[in-house]
Amino acid sequence: ITKEQQALMKIITDAYNRHQIPQDVAKKLLQDQYSAEENFLLLTEMATSQVQVLVEFTKNIPGFLSLDREDQIALLKGSAVEAMFLRSAQVFNRKTPSGHTEVLEERIRKSGISEEFITPMFNFYKSIGELHMVQEEQALLTTVTILTPDRPYVKDQQAVERLQETILDVLRKLCVLQHPQEPQYFARLLGRLTELRTLSHYHTEMLASWRMNDHKFTPLLCEIWDV
Ligand SMILES: Nc1ccc(C(=O)O[C@H]2C[C@H]3CC[C@@H]2C3)cc1
């Protein structure tokens, strides 16, 4: 890893750690009662704050703000679900001492999300947990997801591709350094991104089923997901 690649990794990882869900939102998961309504409202608050965190994090990706403005929006809208599932997988797998994990799982299971989406979601969380990613890998993988050139409405795909390749190069080298006994680790990481795309299709249906039962979303979630 070259000096400038180390600098790039540091910028991205620091930004990733700096922009986290506010503790008060995470703490709420433990307090209030368990009605489906209450759980749904908590998840809405969690998802909204995760999107806000995503926007702030993305602004720190070197080169992102130099992209065409409309392409920046297209990348954010196109990657929000995947970045959110990646982030919530990491929150979920961080065995917090106070057992947030079970509570969060309980709330997700009892929030009006139908079983057909719950299963793939928790399978994904498990498959992310099994990777035991270091925080740099988490930050870089999320960045690779955001910088996906073939999102809908991206005009200058080349410019996005150049940025993504830079990050992929650092991530590949980092994986070799962090997991020397596992040469195919980098490929496994990228395989998770494919699983993420499947999840985002489930997510769209999840939103539609919530809308059906006139569940209220926040303006930010409506805007980022065109609901
Ligand atoms: N009104 C909404 C509430 C929650 C979501 C959502 O995607 O929730 C995400 C947070 C974690 C639990 C389900 C997914 C992952 C979307 C709209």
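The structure reproduced in this document is the subject of the present report. All figures in this text were calculated on a predicted structure; none of them were measured in a lab.

Rules used throughout
Residues numbered from 1 in each chain as written. Predicted model: local features only at pLDDT ≥ 70, side-chain atom pairs only at ≥ 80, totals over all residues. Heavy atoms only, no water. Helix = DSSP H or I, 4+ residues; strand = E, 2+ residues; numbered from the N terminus. Buried < 20%, exposed > 50% of the residue type's maximum accessible area, 1.4 Å probe, protein only. Near = heavy atom within 4 Å. Polar contact = N/O pair within 3.5 Å; in protein donor to acceptor, adjacent residues only side chain to side chain. Areas by Shrake-Rupley, 256 points an atom, 1.4 Å probe, with all protein chains shown as cover. Nonpolar A, V, L, I, M, F, W, Y, C, P; charged D, E, K, R; others polar. Contact = heavy atoms within 4.5 Å. Expected span 1.5 Å × (residues − 1). Phe/Tyr/Trp six-rings, centres within 6.5 Å; stacked < 30°, edge-to-face > 60°. Lys NZ or Arg CZ within 6 Å of the ring centre and 35° of its normal.

The next subject is unusual backbone geometry. Despite not being glycine, Y153 shows a phi value in the positive range, around 70 degrees. Here Y153 lies in the loop between α7 (135-146) and α8 (157-178). On the basis of relative accessibility, which here comes to 77%, the residue Y153 falls in the exposed class. The phi angle at D226 is positive, at roughly 50 degrees, despite the residue not being glycine.

Here we come to the site of the ligand. Taken together, 16 residues surround the ligand, and among them F40, T44, M84, H203 and F217 come closest. Here an oxygen atom of the ligand and a side-chain polar atom of H203 are 2.7 Å apart. Burial of the ligand by the protein chains amounts to 100% of its free accessible area of 400 Å². The set of elements that each furnish at least two residues to the shell around the ligand consists of α3 (36-59), α4 (69-93) and α9 (185-212). Tallied by class, the residues present in the shell around the ligand amount to 13 nonpolar, 3 polar and no charged.

Moving on: the side chain of S200. Position of S200 among the secondary structure elements: in helix α9. On the basis of relative accessibility, which here comes to 14%, the residue S200 falls in the buried class. The residues contacting S200, other than those within four sequence positions of it, are V81 and E82.

Turning to α7, a few remarks are in order. Between its first and last C-alpha atoms α7 spans 17 Å; for 12 residues at 1.5 Å apiece the expected length is 16 Å, and the two agree. With 10 of 12 residues buried, α7 lies mostly within the body of the structure. By the burial criterion, the buried members of α7 are E137, Q138, A139, L140, L141, T142, T143, V144, T145 and I146.

This paragraph deals with the packing of aromatic side chains. Enumeration according to the criterion identifies 8 aromatic pairs in this entry. Look at F122 and Y125: their rings are 5.5 Å apart centre to centre, the planes differ by 85 degrees, and that puts the pair in the edge-to-face class. You can see F122 and its partner Y125 sitting in helix α6 (residues 115-129), 3 residues apart, about one turn around the helix. Summarising the burial analysis for this pair, F122 and Y125 share the class buried. Among the aromatic residues, ring-to-ring pairing joins F40, W210 and F217 into one connected group. Geometry around Y16 places R87 over its ring, the cationic atom sitting 4.0 Å from the centre.

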